[in-house]
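# Structural overview
In case you want the letters, here they are:
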Amino acid sequence: MWIYIVVAIVVVILIYVFIVYNSLITLTNKVKEAFSTMDVYLKKRWDLIPNLVETVKGYAKHEKETLEKVISLRNHMYDTMSNEEKLQTNEELNSNIQKIMFLAENYPDLKASENFKDLSKELTQVENDIANSRKYYNAVVRMYNNKVEMFPSNMIAKLFHYRTKKMLEIKEEEKENVEVEL
């Protein structure tokens with residue numbers, strides 16, 4: 001009689017382990033999917049940058065340092081970067097692109113340029129897409145982290161070496177107004 005109870009308990013525990021393990025796999029794949037979605041938009045912005053820099057270059061000759069920084073960041077091979085490198089480089093690009101966009105306020109001819117208007121509109125749309133995909137990524141990471149950290153699933157997560165993932169956060173300097181000095 002006791003043997004049946006022990007076997008039943010072991011079976012229930014094994015079923016629970018399989019269920020939690022499979023849910024961890026599902027959440028891991030959702031995190032990968034969410035990053036891939038965001039990566040598409042990051043790559044799209046990455047590809048817009050040379051056109052934006054070339055358009056601004058003719059008007060904002062005094063902003064050589066900002067443009068050179070963007071070009072330098074952009075010269076890395078995107079497809080060979082790790083996910084962490086992509087995120088770090090795109091964060092740096094983001095702050096420099098904001099500076100470039102604010103430059104248009106000081107150069108009426110640039111602001112009136114159809115090419116700049118089109119690029120600016122496209123970049124705004126890509127930035128919105130990145131923001132939305134970042135929200136989705138963070139939501140999926142939150143669900144994943146909850147599963148990895150909450151009892152009793154955390155024991156199974158530790159057993160199979162699942163670790164929490166980092167959410168994408170805005171840096172403090174990105175929350176502040178961008179100052180453009182001429």
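Residues numbered from 1 in each chain as written. Predicted model: local features only at pLDDT ≥ 70, side-chain atom pairs only at ≥ 80, totals over all residues. Heavy atoms only, no water.

## Side note on the packing of helix α1 (residues 2-57) against helix α3 (residues 83-103)
Packing of α1 against α3 brings their axes to within 10 Å, and their N-to-C directions diverge by 40°. Between α1 and α3, the interaxial angle falls into the category oblique. Crossing of α1 over α3 shows left-handed handedness. Judged by residue contacts, Phe35, Met38, Asp39, Leu42, Arg45, Trp46, Ile49, Leu52 and Val56 of α1 engage Asn83, Lys86, Leu87, Thr89, Asn90, Leu93, Asn94, Ile97, Ile100, Met101 and Leu103 from α3. Along the lines of polarity and charge, the residues of the contact of α1 with α3 split into 13 nonpolar, 4 polar and 3 charged. (Axes fitted to C-alpha atoms, helices over the stretch in contact; angles between N-to-C directions. Helix = DSSP H or I, 4+ residues; strand = E, 2+ residues; numbered from the N terminus. Parallel < 35°, antiparallel > 145°, perpendicular 65-115°, else oblique. Left-handed = near helix turned anticlockwise from the far one by under 90°. Contact = heavy atoms within 4.5 Å. Nonpolar A, V, L, I, M, F, W, Y, C, P; charged D, E, K, R; others polar.)

## Remarks on α1
End to end, α1 covers 81 Å across 56 residues, agreeing with the expected 82 Å (1.5 Å per residue, within 8%). A bend of about 30° at isoleucine 49 is the largest found in α1, and the proline proline 50 appears one to four places after it. (Expected span 1.5 Å × (residues − 1). Bend = angle between axes of the 7 residues up to and from the residue.)

## A few points about the nonpolar core
If you look at the biggest cluster of nonpolar residues, it comprises 42 residues, and the most contacted ones within it are Met38, Leu52, Val56, Leu93 and Tyr137. At the level of elements, α1, α2 (64-74), α3, α5 (114-149) and α6 (153-159) are the ones that each hand at least two residues to this core. Top contributing element to this core by residue count: α1, with 15 residues. If near-sequence neighbours (up to four positions away) are discounted, valine 56 is found in contact with Leu67, Ile100, Leu103, Leu110 and Phe116. (Core = buried A, V, L, I, M, F, W, Y, C linked by side-chain atoms within 4.5 Å. Buried < 20%, exposed > 50% of the residue type's maximum accessible area, 1.4 Å probe, protein only.)

## Concerning the packing of aromatic side chains
Throughout the structure, instances matching the rule amount to 4 aromatic pairs. When the ring of tyrosine 21 is compared with that of tyrosine 162, the centres are 6.3 Å apart and the planes differ by 75°; the resulting orientation is edge-to-face. Highlighted residues: tyrosine 21 in helix α1 and tyrosine 162 in the loop between α6 and α7 (172-175), separated in sequence by 141 residues. What makes tyrosine 21 partly exposed here is its relative accessible area of 29%. On the basis of relative accessible area, tyrosine 162 is assigned to the buried category, the value being 13%. Taken together, Tyr21, Tyr144, Phe160 and Tyr162 form an aromatic cluster joined through their ring pairs. (Phe/Tyr/Trp six-rings, centres within 6.5 Å; stacked < 30°, edge-to-face > 60°.)

## Digging into a nonpolar patch on the surface
Where nonpolar side chains cluster on the molecular surface, the patch consists of Ile3, Tyr4, Val7, Val11, Ile15 and Ile19 and spans about 610 Å² of accessible area. Examined against the element boundaries, tyrosine 4 turns out to sit in helix α1. (Patch = residues over 30% accessible without salt bridge, like charges linked within 9 Å, V, L, I, M, F, W, Y side chains within 5 Å. Areas by Shrake-Rupley, 256 points an atom, 1.4 Å probe, with all protein chains shown as cover. Salt bridge = Lys/Arg side-chain N within 4 Å of Asp/Glu carboxyl O.)

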